[in-house]
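# Analysis of the macromolecular model
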Amino acid sequence: DTGVSQDPRHKITKRGQNVTFRCDPISEHNRLYWYRQTLGQGPEFLTYFQNEAQLEKSRLLSDRFSAERPKGSFSTLEIQRTEQGDSAMYLCASSLASGAAFLRGGYTFGSGTRLTVV
Amino acid sequence: GDSVTQMEGPVTLSEEAFLTINCTYTATGYPSLFWYVQYPGEGLQLLLKATKADDKGSNKGFEATYRKETTSFHLEKGSVQVSDSAVYFCALSAASNTGKLIFGQGTTLQVKP
């Protein structure tokens, strides 16, 4: 397993367009997380899945954002009608669900998708 | 709500200098505490962790002790190397066991030869 993969690495889009990002977690990890990181800040939690169920969404996740994990494997994050304020690095991470396993290893992060809205 | 505060950066040190990056937190209950590192061009990696008060996490010469009385988890290293140049993030996971992490804003470390 090569870790958490995110695609694309970079995306430049015009304001008002829709974009979709993909995350492939480590295969045996049943939890998948999305975070957003702006320049000079730490990652901010957006949402997470356990298997295919979306269990928590941050208030940061406006109605223009939607995330799915249809078969409990890969996940997509879609942003509709992008705005310049959406420009950020979008990070995906995965982990095992058990508390002990999570505390042993923490997350495995992907390298992120950098979104620039022009 | 829960939060993490890190010292402002950048921190610039000469090779072999002693490093401290301060981290304090606010949380209800008994969170787990983490330090993540992000090397240039790479993703975030777990550096070390501590899950209960007085625990000391250590890895690659870095250490941090979970201090409940001062709500702190300061990162230290006795002798930094140029290869330690990176951004360091302190984070907590609340006791609810969702695994959600709350990060500090990050501290950039630059080590000069």
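Here we take up the overall build of chain B. Across its full length, chain B carries 0 helices and 12 strands. The order of α-helices and β-strands along chain B, N terminus first, is β-β-β-β-β-β-β-β-β-β-β-β. Relative to the globule expectation of 13 Å for 113 residues, the C-alpha radius of gyration of chain B, 13 Å, shows essentially globular dimensions. Each principal axis of the C-alpha distribution contributes one length, and for chain B these read about 45 × 25 × 20 Å. Put simply, chain B has 113 residues, and 43% of those count as buried.

A count of helical and extended segments in chain A gives 1 helix and 11 strands. Listing each helix as α and each strand as β along chain A from the N terminus yields β-β-β-β-β-β-β-β-β-α-β-β. In terms of overall size, chain A behaves like a compact globule, its C-alpha atoms giving a radius of gyration of 14 Å where 118 residues would be expected to give roughly 13 Å. When the backbone C-alpha atoms are referred to their principal axes, chain A occupies close to 40 × 25 × 25 Å. Long-range pairs, those at least 24 residues apart, make up 55% of the contacts in chain A between residues at least 6 apart in sequence. Carbon together with sulfur atoms contributes 44% to the accessible area of chain A, which is approximately 5900 Å² in total. Computing the positive centroid from 15 side-chain charges and the negative centroid from 12, chain A places the two 4 Å apart.

Two pairing modes exist for strands in a sheet, parallel and antiparallel, and in both the strands are linked by backbone hydrogen bonds. Residues and elements named next belong to chain B. A sheet is described by the order of its strands in space; here 4 strands give the open sequence E3-E9-E8-E7, paired in antiparallel fashion. Taken across any chain shown, the strands that pair with only one partner, and hence form the sheet edges, are strand E3 (19-21) and strand E7 (56-59). Here the strands of the sheet are splayed against their neighbours by 20 degrees on average, with no regard to which way each runs. Sheet topology places E3 next to strand E9 (residues 75-77); 3 bridges connect them, and they run antiparallel. Considered in E9, the bridge of Thr20 is made with Glu76.

This part is about the pattern of salt bridges. Considering all chains together, one arrives at 7 salt bridges over all chains under this definition. Between Lys100(B) and Glu56(A) there is a salt bridge, and its shortest N-O distance comes to 2.7 Å. Separated into two different chains, Lys100(B) in the loop between strand E10 (86-93) and strand E11 (101-103) and Glu56(A) in strand E6 (residues 53-57) make up a pair that spans both. Using a relative accessible area of 23% as the deciding quantity, one classes Glu56(A) as partly exposed.

Take the state of the cysteines next. On inspection of all chains with the given rule, the structure shows 2 disulfides over all chains. Disulfide pairing places Cys23(A) opposite Cys92(A) at an S-S distance of 1.9 Å. Its torsion about the S-S bond being -70 degrees, the disulfide of Cys23(A) and Cys92(A) is classed as left-handed. Residue Cys23(A) is located in strand E3 (residues 19-24), and its partner Cys92(A) is located in strand E9 (residues 88-95); the two are separated by 69 residues in the primary sequence. For the pair Cys23(A) and Cys92(A), a shared accessibility class is recorded, and that class is buried. Linked covalently through their sulfurs, Cys23(B) and Cys90(B) form a disulfide whose S-S length is 1.9 Å. Around the S-S axis, the bridge from Cys23(B) to Cys90(B) shows a dihedral of about -70 degrees and counts as left-handed.

Procedures and definitions
- Residues numbered from 1 in each chain as written.
- Chains lettered and ligands numbered in written order.
- Predicted model: local features only at pLDDT ≥ 70, side-chain atom pairs only at ≥ 80, totals over all residues.
- Heavy atoms only, no water.
- Helix = DSSP H or I, 4+ residues; strand = E, 2+ residues; numbered from the N terminus.
- Rg over C-alpha atoms; globule rule 2.2 N^0.38 Å.
- Buried < 20%, exposed > 50% of the residue type's maximum accessible area, 1.4 Å probe, protein only.
- Contact = heavy atoms within 4.5 Å.
- Areas by Shrake-Rupley, 256 points an atom, 1.4 Å probe, with all protein chains shown as cover.
- Lys, Arg positive; Asp, Glu negative; His and termini not counted.
- Charge placed at Lys NZ, Arg CZ, Asp CG, Glu CD.
- Pairing = 2+ DSSP bridges.
- Axes fitted to C-alpha atoms, helices over the stretch in contact; angles between N-to-C directions.
- Salt bridge = Lys/Arg side-chain N within 4 Å of Asp/Glu carboxyl O.
- Disulfide = S-S within 2.5 Å.

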